[in-house]
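# Summary of structural features
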Amino acid sequence: MTGTEQDRAVGGPDRRTALQLAATVAVSGVLATGAGMPSSAAAVAEPSAPEGPPPVVPAEAGAEELAHYYRFWEIVQGRRLVKTHGYWSFDGPEIPFDPREVYRLVENPDTQQLAEGSAAREASERCDRAYTQMLRTLNRVFDGHPQELRQAERQMEALGKQARALMQVPSAPGSKTFLAPAFQLAEDD
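The sections below set out a description of the structure shown in this document. (Residues numbered from 1 in each chain as written. Predicted model: local features only at pLDDT ≥ 70, side-chain atom pairs only at ≥ 80, totals over all residues. Heavy atoms only, no water.)

### Examining the overall build of the protein chain
Looking only at helices and strands, one finds six helices and four strands in the protein chain. Taken from N to C terminus, the helices and strands of the protein chain fall in the order α-α-α-β-β-α-β-β-α-α. Relative to its full complement of 189 residues, the protein chain shows a buried share of 30%. Across the protein chain, contacts joining residues at least 24 apart in sequence account for 50% of those joining residues at least 6 apart. (Helix = DSSP H or I, 4+ residues; strand = E, 2+ residues; numbered from the N terminus. Buried < 20%, exposed > 50% of the residue type's maximum accessible area, 1.4 Å probe, protein only. Contact = heavy atoms within 4.5 Å.)

Quick look at the structure:
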């Protein structure tokens, strides 16, 4: 789908369908990379299926939250996932959709294409450095240093903050689109 087609789909009467398609593609990608919890997908896909493993993961302070896979499916379904009488189903509160809250981001962001020395380039480079550092830490975690997992989690949170800050930067003066993380590896310092 081209950028023009996406704009029409998101801004037109079929915007919900376009967003559901995009969320479905995202869910498929999550599954393909092994993230999420596909082992319990059958328990959620069919409300009449017997209870499977819970679609939750541990969060801070001993609480639980939905795995990313199920958060994406909530968006696709337009409702929260709830457990009722031993079954998981999308019968919870409706998830509101407000197109004004959708970020209009540049397609195929590339840090190297931004003007050197510009505020936009510096913000994108900060995001790339945070991304690179997080990947290096995750590599160490899976390379025999599991005690560094909490540090990697903190770096993920920091990357999220960097990305949100970057998405507030206009892609060009007067533009209606904003920058997005390029997720490019930063050169060694």
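Still more to cover.
### Structural notes on the nonpolar core
In this structure, A120, C127, M134, L159, L166, V169 and L179 are the most contacted members of the largest nonpolar core, which totals 14 residues. Residue contributions to this core peak at seven residues, all from helix α5 (residues 119-141). In this structure L159 touches C127, A130, Y131, M134 and F183, once residues within four positions along its chain are discounted. (Core = buried A, V, L, I, M, F, W, Y, C linked by side-chain atoms within 4.5 Å.)

### Some remarks on the environment of G92
Looking at where G92 falls in the secondary structure, it is placed in the loop between β4 (87-89) and α5. With a relative accessible area of 7%, G92 lands in the buried category. Expressed as a C-alpha distance, the spacing of G92 and G78, which sit 14 residues apart in the sequence, is 9.4 Å.

### Examining the packing of aromatic side chains
Taken as a whole, this structure holds one aromatic pair when the rule is applied. Aromatic pair Y131 and F183: ring centres 5.1 Å apart, planes at 70 degrees, arrangement edge-to-face. A residue pair is termed long-range when its members are at least 10 positions apart, and Y131 in helix α5 and F183 in the segment after α6 (149-166) qualify at 52 residues. A relative accessible area of 18% places Y131 in the buried class. (Phe/Tyr/Trp six-rings, centres within 6.5 Å; stacked < 30°, edge-to-face > 60°.)

What is shown is where atoms sit, not what they do.
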